[in-house]
Amino acid sequence: MAEIALFLSAFLAATILPFSSEATFLLALSNDMPLINAMISASSGNVLAIILNYFLGYFLYEKTKTKLLSSKMGVKSLEYGHKYGYYALLLSWLPIIGDPLTLVAGLLRLKFVWFVIIAGTLRVARYYFLASLGII
C-alpha cells in the first residue's frame, strides 16, 4: 500500500500541480521501505507523469499552431525551442521549472525517445541521489 501512495505522490508531483514527492520518498525510506521498492514506485510514477505532460503539450500544439506560426515571436520561440530544447531538458529534474519544461517538450514536438531518455533518466537519478545522501 505504501508503494502505491509513493507512486501517486511522485505522479502528482511531476504534473503542473504544486506537490512534492521528495518528502514522501524520504519518509518511505525512513519507514523501512526497501530502496528498490521506493525507487521503482517513485521513478515510475514520476516518469509516467512527464510522459503525460509531453503528450498534453503535443496535443496542445495542434490547438495553438495557427497562433504560434502567425506571429513573429511565436515563430522565433519555436526556432529557439528546436535549437535548445534538448539542452533545456537537462533542467527538467528541477522543482518548479522542470515540469513545465516537459510540457513544452511535447509542444515543440521534440523526439519522444530522446525526451524519455533525457528527462526520465534525470528523474530516476534525482531519487537515487536523494537516497544516497544518507539523511535517513
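Look up a bit, the structure's there.
Criteria and thresholds
- Residues numbered from 1 in each chain as written.
- Predicted model: local features only at pLDDT ≥ 70, side-chain atom pairs only at ≥ 80, totals over all residues.
- Heavy atoms only, no water.
- Helix = DSSP H or I, 4+ residues; strand = E, 2+ residues; numbered from the N terminus.
- Expected span 1.5 Å × (residues − 1).
- Buried < 20%, exposed > 50% of the residue type's maximum accessible area, 1.4 Å probe, protein only.
- Contact = heavy atoms within 4.5 Å.
- Phe/Tyr/Trp six-rings, centres within 6.5 Å; stacked < 30°, edge-to-face > 60°.
- Lys NZ or Arg CZ within 6 Å of the ring centre and 35° of its normal.
- Salt bridge = Lys/Arg side-chain N within 4 Å of Asp/Glu carboxyl O.
- 1 Å grid on protein atoms, 1.4 Å probe; cavity = no way out; pocket = protein on both sides within 12 Å on 5 of 7 lines; lining within 4 Å.
- Points joined across faces, edges and corners; volume = space filled by probe spheres on them.
- Nonpolar A, V, L, I, M, F, W, Y, C, P; charged D, E, K, R; others polar.
- Core = buried A, V, L, I, M, F, W, Y, C linked by side-chain atoms within 4.5 Å.

Draft legend 1. The arrangement of helix 6 (residues 112–132) in detail. Compared with an ideal rise of 1.5 Å per residue, which puts 21 residues at 30 Å, helix 6 spans 29 Å between its outermost C-alpha atoms and is within 8% of the ideal. Among all positions of helix 6, only Phe115, Ile118, Ala119, Gly120, Arg123, Arg126, Tyr127, Leu130 and Ala131 are buried. In this fold, the buried residues of helix 6 make contact with helix 1 (2–13), helix 2 (22–30), helix 3 (35–70), helix 4 (72–88) and helix 5 (98–107).

Draft legend 2. Quick look at the packing of aromatic side chains. Tallied over the entire structure, the rule returns 11 aromatic pairs. Consider the rings of Phe7 and Phe11, whose centres lie 6.4 Å apart with planes at 20 degrees: the pair is stacked. Residue Phe7 and its partner Phe11 are both found in helix 1; the two are separated by four residues, about one turn of the helix. Accessibility expressed as a relative area gives 23% for Phe11, which makes it partly exposed. Members of the aromatic cluster, joined through ring pairs, are Tyr54, Phe55, Tyr58, Phe59, Phe112 and Phe115. The ring of Tyr58 is capped by Arg109, whose NZ or CZ atom sits 3.6 Å from the centre of that ring. Over the ring of Tyr127 we find Arg126; its NZ or CZ atom is 5.1 Å from the centre of that ring.

Draft legend 3. Spotlight on the pattern of salt bridges. On inspection of all chains with the given rule, the structure shows three salt bridges. A salt bridge links Glu22 to Arg126, with the shortest nitrogen-to-oxygen separation between them at 3.4 Å. Note that Glu22 is positioned in helix 2 and Arg126 in helix 6, a separation of 104 residues in sequence. Residue class for Arg126 comes out buried when judged on its relative accessible area of 12%.

Draft legend 4. Representation of the layout of surface pockets. Empty space within the largest pocket amounts to approximately 210 Å³. Lining the largest pocket are 18 residues, with Ala13, Phe19, Pro95, Ile96 and Asp99 sitting closest to its centre. Listing elements by their share of the lining of the largest pocket, those giving two or more residues are helix 5 and helix 6. Residues belonging to the lining of the largest pocket are distributed by class as follows: 10 nonpolar, four polar and four charged.

Draft legend 5. Region of the structure containing the nonpolar core. Counting 15 residues, the largest nonpolar core has Ile50, Leu89, Ala105, Leu110 and Phe115 as the members making the most contacts within it. Secondary-structure elements contributing two or more residues to this core are helix 3, helix 5 and helix 6. Considering each element in turn, this core owes the most residues, five residues, to helix 3. Residues in contact with Leu110, not counting those within four places in the same chain, are Tyr54, Gly81, Gly85, Tyr86, Leu89 and Ala105.

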